[in-house]
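# Structural overview for review
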Amino acid sequence: MPPALAPSSSRRQFVGQLAAGAAALALAPAAARAATAPPPLPSKKLGIALVGLGGYSIGQLAPALQRTQHCRLTGAATRDPGNKGRQMAQVFGFPEKNVYAYDKIAAMKDNPDIDIIYVVTPNSLHRQDVVAAASAGKHVITEKPMGVSVADCDTMIKACRDAGVQLGLGYRNNFDPYFQEMMRIARWKEFGALKAMSGEFSGNINAPGAWRTQKALSGGGPIMDLGVYVIHASVLAAGGESPVSVTAKATVKRPQIYADVEEIMEFTLEFANGAKCDGFTSYGGSKPGGGGANRFRADYERGFLNFPEAFNYNGTSATTSRGPLSFPNVADSSDNTYQQARQLDDFAHCVRDNVPTSVPGEMGRQDMCIIEAIYASAKNNGARTPVKA
Ligand code: NAD
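Below is a short write-up of the structure. A quick note: this is a predicted structure, and the numbers were derived from the prediction, not measured. (Residues numbered from 1 in each chain as written. Predicted model: local features only at pLDDT ≥ 70, side-chain atom pairs only at ≥ 80, totals over all residues. Heavy atoms only, no water.)

### Focus on the pattern of salt bridges
Two side chains bearing opposite charge may form a pair once their charged atoms approach each other closely. Taken as a whole and judged by the stated rule, the model has 19 salt bridges. Glu-190 is paired through a salt bridge with Arg-184; the nearest N and O atoms lie 2.5 Å apart. Here Glu-190 falls in the partly exposed class, since its relative accessible area comes to 25%. In this structure, the salt-bridge partner of Arg-254 is Glu-263, at a minimum N-O distance of 2.7 Å. (Salt bridge = Lys/Arg side-chain N within 4 Å of Asp/Glu carboxyl O. Buried < 20%, exposed > 50% of the residue type's maximum accessible area, 1.4 Å probe, protein only.)

Below, the structure is given as structure tokens:
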């Protein structure tokens, strides 16, 4: 079992604790003292460096990397190499020489301990960090949203292609068996044509000045951070197809916090066959009477999939028209790093065996095209706006 470093057991709780990243690290040494030293690792495990040591890196990814089979945590880049980076190296058992400042990511090139660089910084920094990682000749994973614009995504995809390295997204849900069952049903059209979808992912941020409320760092409000999960789920439920057009409305209820980005985004995605997805995402709590802050439903001609708990780190629950979904063989699904461990192992396997990742940069770009159309519609009083490819 990994040390209990996670600040909370659910994505929703975590969103409410965005300021707790430093506190999470403060917990780490105690947890590490309680844990025994990690056993020697087989040499075939690929080394991963985390770029950005905030809440998600420390709470989810680093602990997940203690349970992975094909990769392990071997390095980090941080604003604070001498302190936070050093502490991270001691807690997670990698050499302090593998800690870098952000502006030295390219120097990872000469470090054979690092095979993969995982970018977990604020959204607008993903582009520069991915480009630096590619210039180091390392394979790259970047967190969602992939960047803050389609142009960002194009730059990252080109940099990785030119460097001959793989670029993957941190789309953890794609490695959750519940979502994989949805993807399978959609791909094989087991329930026939898609008819309608709806979804919400909301949290509560009441922290003026947090980077998620600053457009220069976040690129936007909850649609970038949480709404992207609903968008991505709808594309998966549509068998990978993108909506052709969108309508959207952005709202701010607390202008003292949300002067720069939307606080709430309501959006409708329209697919080629006429199916629609009604989406809602908010940093001000869930939609009144909406049925939950963390849900997704897809209705098809001959059946449905309903996720009352769709996007948490654990505790996913889903029912289909055939009955409740259950995966008793996924013994670790109650752990709040199991999606990440599966995601990380899958990427390591793809790198090691030279297989293309199932969550490539192009997938993140596709979602960013939808987000750009949503912002364009919201800016244009909810006008129907085509999604560019
Ligand atoms: P966080 O605020 O907890 O951490 C951000 C990190 O970036 C910190 O270590 C901070 O020091 C660093 N940083 C570097 N430059 C910075 C700057 N100029 N301003 C502020 N911080 C700076 O954020 P987080 O929740 O860990 O999110 C990081 C990324 O991970 C985001 O892109 C987010 O969308 C993504 N994320 C993904 C998931 C998921 O489930 N896949 C969950 C949470 C976050």
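### Considerations on the site of the ligand
The immediate surroundings of the ligand are formed by 26 residues, with Gly-55, Asn-123, Lys-144, Arg-172 and Trp-211 found nearest. Note that an oxygen atom of the ligand is positioned 3.0 Å from one of the backbone N or O atoms of Tyr-56. The contact in question runs from an oxygen atom of the ligand to an N or O atom on the backbone of Thr-121, over 3.2 Å. In the complex, 88% of the free accessible area of the ligand, which totals 830 Å², lies under the protein chains. (Near = heavy atom within 4 Å. Polar contact = N/O pair within 3.5 Å; in protein donor to acceptor, adjacent residues only side chain to side chain. Areas by Shrake-Rupley, 256 points an atom, 1.4 Å probe, with all protein chains shown as cover.)

### Notes on the pairing of strand E12 (residues 303-309)
Strand direction decides the pairing type here: strand E11 (residues 294-300) and E12, joined by five bridges, are antiparallel. Residue pairing in the sheet places Asp-299 in a bridge with Phe-304 of E12. If you look at the hairpin formed by E11 and E12, you'll find two residues sitting between the two strands. Relative to strand E13 (residues 317-320), E12 is paired through three bridges, and the arrangement is antiparallel. By the bridge assignment, Leu-305 is partnered in E13 with Thr-320. (Pairing = 2+ DSSP bridges. Helix = DSSP H or I, 4+ residues; strand = E, 2+ residues; numbered from the N terminus.)

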